[in-house]
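Report on the structure
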Protein chains: 2
Amino acid sequence: MTRNANIDPAARSTDILPPCVILCEPQLGENIGTAARAMANFGLRDLRIVRPRDGWPSEKARAAASRADHVIDAVKVFDTVEEAVADLSFVFATTARMREVAKPVRGPDEAAETLVAHGARGAATGYLFGRERWGLNNDEVALANEIVTLPVDPDFASLNIAQAVLVCAYEWRTKANAGALPFRLDETVNPPASKDDLIRLFEHLEGALDGVNFFRPPERRPSMVRNLRNIFQKASLTDQEVKTLRGVIAALERRPTRPHDGGEAADAGDTGDTATD
Amino acid sequence: MTRNANIDPAARSTDILPPCVILCEPQLGENIGTAARAMANFGLRDLRIVRPRDGWPSEKARAAASRADHVIDAVKVFDTVEEAVADLSFVFATTARMREVAKPVRGPDEAAETLVAHGARGAATGYLFGRERWGLNNDEVALANEIVTLPVDPDFASLNIAQAVLVCAYEWRTKANAGALPFRLDETVNPPASKDDLIRLFEHLEGALDGVNFFRPPERRPSMVRNLRNIFQKASLTDQEVKTLRGVIAALERRPTRPHDGGEAADAGDTGDTATD
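What counts and what doesn't
- Residues numbered from 1 in each chain as written.
- Chains lettered and ligands numbered in written order.
- Predicted model: local features only at pLDDT ≥ 70, side-chain atom pairs only at ≥ 80, totals over all residues.
- Heavy atoms only, no water.
- Helix = DSSP H or I, 4+ residues; strand = E, 2+ residues; numbered from the N terminus.
- Buried < 20%, exposed > 50% of the residue type's maximum accessible area, 1.4 Å probe, protein only.
- Contact = heavy atoms within 4.5 Å.
- Areas by Shrake-Rupley, 256 points an atom, 1.4 Å probe, with all protein chains shown as cover.
- Phe/Tyr/Trp six-rings, centres within 6.5 Å; stacked < 30°, edge-to-face > 60°.
- Lys NZ or Arg CZ within 6 Å of the ring centre and 35° of its normal.
- Least-squares fit on C-alpha atoms with pLDDT ≥ 70 in both.
- Expected span 1.5 Å × (residues − 1).
- Polar contact = N/O pair within 3.5 Å; in protein donor to acceptor, adjacent residues only side chain to side chain.
- Axes fitted to C-alpha atoms, helices over the stretch in contact; angles between N-to-C directions.
- Parallel < 35°, antiparallel > 145°, perpendicular 65-115°, else oblique.
- Left-handed = near helix turned anticlockwise from the far one by under 90°.
- Nonpolar A, V, L, I, M, F, W, Y, C, P; charged D, E, K, R; others polar.
- Right-handed = clockwise from strand over helix to strand, strands pointing away.
- Pairing = 2+ DSSP bridges.
- Salt bridge = Lys/Arg side-chain N within 4 Å of Asp/Glu carboxyl O.
- Buried area = accessible area lost by both parts, 1.4 Å probe.
- Arc of directions from axis to C-beta.

On to the overall build of chain A, then. Scanning chain A from terminus to terminus reveals ten helices and seven strands. By residue count, 49% of the 277 residues in chain A fall in the buried class. A separation of at least 24 residues holds for 80% of the contacts in chain A among residues at least 6 apart in sequence. Roughly 13400 Å² of accessible area belongs to chain A as shown, and the carbon and sulfur atoms make up 51% of that amount.

What follows deals with the packing of aromatic side chains. Going through the model one piece at a time under the given rule, you end up with eleven aromatic pairs over all chains. Arranged with centres 6.4 Å apart and planes meeting at 45°, the rings of A:Tyr127 and A:Phe129 form a pair that is tilted. Comparing A:Tyr127 with A:Phe129, the two get one shared label, buried. Taken together, the ring pairs in this structure connect A:Phe42, A:Tyr170, B:Phe42 and B:Tyr170 into an aromatic cluster. Seen from the ring of A:Phe215, A:Arg221 lies directly overhead, with NZ or CZ sitting 4.9 Å from the centre.

With respect to the helices, strands and loops of the structure, A:Glu206 is situated in helix α8 (residues 195-211). The contact partners of A:Glu206, leaving out residues within four places of it in the chain, are A:Phe215, A:Arg221, A:Val225 and A:Arg229.

This part is about the relation of the copies chain B and chain A. Between chain B and chain A, the superposition needs a rotation of 180° and an axial shift of 0.0 Å, giving an RMSD of 0.0 Å. A rotation of that kind, with that shift, is consistent with a two-fold axis. Take the interface residues of chain B: 100% of them recur as interface residues in chain A, which is what a same-surface contact looks like.

Here we take up helix α7 (residues 161-176) of chain B. Since one α-helical turn is 3.6 residues long, residues separated by three or four positions face the same way. All names here are of chain B. Taking 1.5 Å per residue as the helical rise, α7 with its 16 residues ought to reach 22 Å, and the 22 Å between its terminal C-alpha atoms agrees with that figure. Here α7 lies mainly inside the structure; 15 of its 16 residues are buried. The N-cap residue of α7 is Asn-160: its side-chain oxygen and the backbone nitrogen of Ala-162 are 2.7 Å apart. Positive backbone phi, at 55°, marks Ala-178, one or two positions downstream of α7.

Residues and elements named next belong to chain A. Two elements in contact, α8 and helix α10 (residues 239-253), have axes whose closest approach is 10 Å; the angle formed by their N-to-C orientations is 15°. Viewed along their axes, α8 and α10 adopt a mutual orientation that is roughly parallel. Crossing angle aside, the handedness with which α8 passes α10 is left-handed. Here α8 contributes Asp-197, Leu-198, Arg-200, Leu-201, His-204, Leu-205 and Ala-208 to the contact with α10, which in turn contributes Asp-239, Val-242, Leu-245, Arg-246, Ile-249, Ala-250 and Glu-253. Each residue belonging to the contact of α8 with α10 can be placed in one class, and the counts come to eight nonpolar, one polar and five charged.

Quick look at the pairing of strand β2 (residues 47-50) of chain A now. Residues and elements named next belong to chain A. The side-chain alternation of β2 yields two buried faces, one formed by Leu-47 and Ile-49 and the other by Arg-48 and Val-50. Viewed along the sheet, the connection from strand β1 (residues 20-24) through helix α1 (residues 29-41) into β2 turns out right-handed. Both β2 and strand β3 (residues 76-78) contribute to a ladder of three bridges, which runs parallel. Considered in β3, the bridge of Ile-49 is made with Val-77.

Turning next to the pattern of salt bridges. In the structure shown here, the tally under the stated rule is 34 salt bridges over all chains. The closest approach of N and O atoms between A:Asp87 and A:Arg48, which form a salt bridge, is 2.7 Å. Taken as a pair, A:Asp87 in the loop between α4 (81-85) and β4 (90-94) and A:Arg48 in strand β2 lie far apart in primary sequence, 39 residues in all. Accessibility expressed as a relative area gives 47% for A:Asp87, which makes it partly exposed. Exposure remark for A:Arg48: the relative accessible area of 3% places this residue in the buried category. Here B:Asp54 and B:Arg53 are joined by a salt bridge, their closest N and O atoms 3.1 Å apart. With relative accessibility at 52%, the residue B:Asp54 sits in the exposed group. For B:Arg53, a relative accessible area of 48% translates into the label partly exposed.

Another aspect to go through is the interface of chain B and chain A. With 77 residues of chain B at the contact, the number on the chain A side is 77 residues. Together, the buried faces of chain B and chain A total about 6500 Å²; carbon and sulfur atoms form 56% of this surface. Our enumeration of links across chain B and chain A arrives at two salt bridges. With a closest N to O distance of 3.1 Å, A:Arg184 and B:Glu110 form a salt bridge. Where chain B touches chain A, the interface holds 16 residue pairs in polar contact (both at pLDDT 80 or more). Those elements giving two or more residues to the side of chain B that touches chain A turn out to be α1 (29-41), β5 (105-106), α5 (108-120) and α7 of chain B.

Once that is clear, we can look at helix α9 (residues 221-234) of chain B. All names here are of chain B. An ideal rise of 1.5 Å per residue puts 20 Å on 14 residues; α9 measures up with 20 Å between its terminal C-alpha atoms. Among all positions of α9, only Met-224, Val-225 and Leu-228 are buried. With its buried residues spanning 100° around the axis, α9 presents them on a single face. For α9, the exposed residues lying more than 90 degrees away from the buried face are Arg-226 and Lys-234. Elements in contact with the buried residues of α9: α8 (195-211). Just downstream of α9, Ser-236 is the residue with a positive phi angle, here 45°.

What follows covers the packing of α1(B) against α7(B). Helix-helix packing is characterised by the crossing angle of the two axes and by the distance between the axes. Residues and elements named next belong to chain B. The interhelical angle for the contact between α1 and α7, taken along N-to-C directions, is 15°, at an axis separation of 8 Å. Relative to α7, the element α1 is oriented roughly parallel. Where α1 crosses over α7, the handedness of that crossing is right-handed. Across the interface between the two elements, Asn-31, Thr-34, Ala-35, Ala-38, Met-39 and Asn-41 from α1 touch Ala-162, Val-165, Leu-166 and Ala-169 from α7. Grouping the constituent residues of the contact of α1 with α7 by class yields seven nonpolar, three polar and no charged.

Below, the structure is given as structure tokens:
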């Protein structure tokens, strides 16, 4: 899934300092690894672990990271959350339940906006994640500026830690590079048809339909023409697609003279497509 | 992580028909299960599987779903993608690489907006996901209205299927219920302090500091007072926090008369906190 030719350079945003991810007392190496992979997917690099139960390094973590080796190799291990956050200027504590603490609670989108604003100034920030079983304690939450929680279905709120990391990392990248995708519809390869070409397509189709007495009764012709034109306007046709459709109409017009072309009209739509993968 | 008292009712959105998720030829039961769990986290219920390699039902899928049994129990299995999408009116094909196909490419946020608009009218919609190894073929993509891709780091673009499902489901729910979180800072339990209470706190603090000749030289007093007041304005203090701080100031003022209170000023900040979990 990584063969991406012609990547949009805007999708390679590196100007904004990404937040770090701090995992507090994770039990399973697999969770550390999948968290590292989720970070790498969205351009986060700085993974910090406080007292991992099974020690560090962890081969299970490396295997689960699916080649996010640059994140695994750079992991820093700490004895306390205080040390892990010491160099950060803004920290979100992630929690899945209401706390008896008077601290603002944000969604991942709002949290990302805050951390992007800090990162744009070069300030170091982080997301603090709790234990698999019971999250963070209140002393740990007290080290954070604000709380982030996910807009889950309250009746099925339990997220795996790597899933929570993924959503936070996804939102950070979305906000950091204004949602730039690695690729979009390439309008240089697939330029949209000009209105002039579209109108000639319309006139070609309408002429062909006149030839087979399609518009009946004649007084309904104007509204039927409008309906047809609206169908093709909605399809946002490309240059090539207009050519394909004109080929379709020409083929159908000449159908009586080409007895080998016995297909349905719909089949002719395949003509001219280059469906390579 | 599911103990959530006082859930915000707005977080239980059910008016909008959620999209279904179609997995095309998934190889691993674990991936089906973690996809089901991700769906359940964000309120999606309709999981459809086309030709699962290891058949169905799958105990591995159920185990990996972590109690998302309502999704697993309702899974529908199909022989073809055509059958799986037959009743849907709008389908996004998910793909991680540029296609030679003239179809709009959207981010998960844009795709969610489209599907929420359809779902609000009760129209059935879906996300179509490809195989673990090589995604969807072009004939399958041709069954979709548009393409959705994730704003990943182009240099580490490989996502697990359940991770891709999670991001799409998260964005759907965020758009469907306007980002309503299960809980926010509860301002009925933690009402913000009135400006009147704040001003009395300021005056208490400034009076105490006058008493120890803190403001030196006297002509700097106005700007020092403003700085102090700004510190506490930024903290968005609650009613209870103002009371706590007034207790702190009173304790510090009386320090000479309470020799047992030998702590640093910062320690006194703990007074009055109820850090229960």
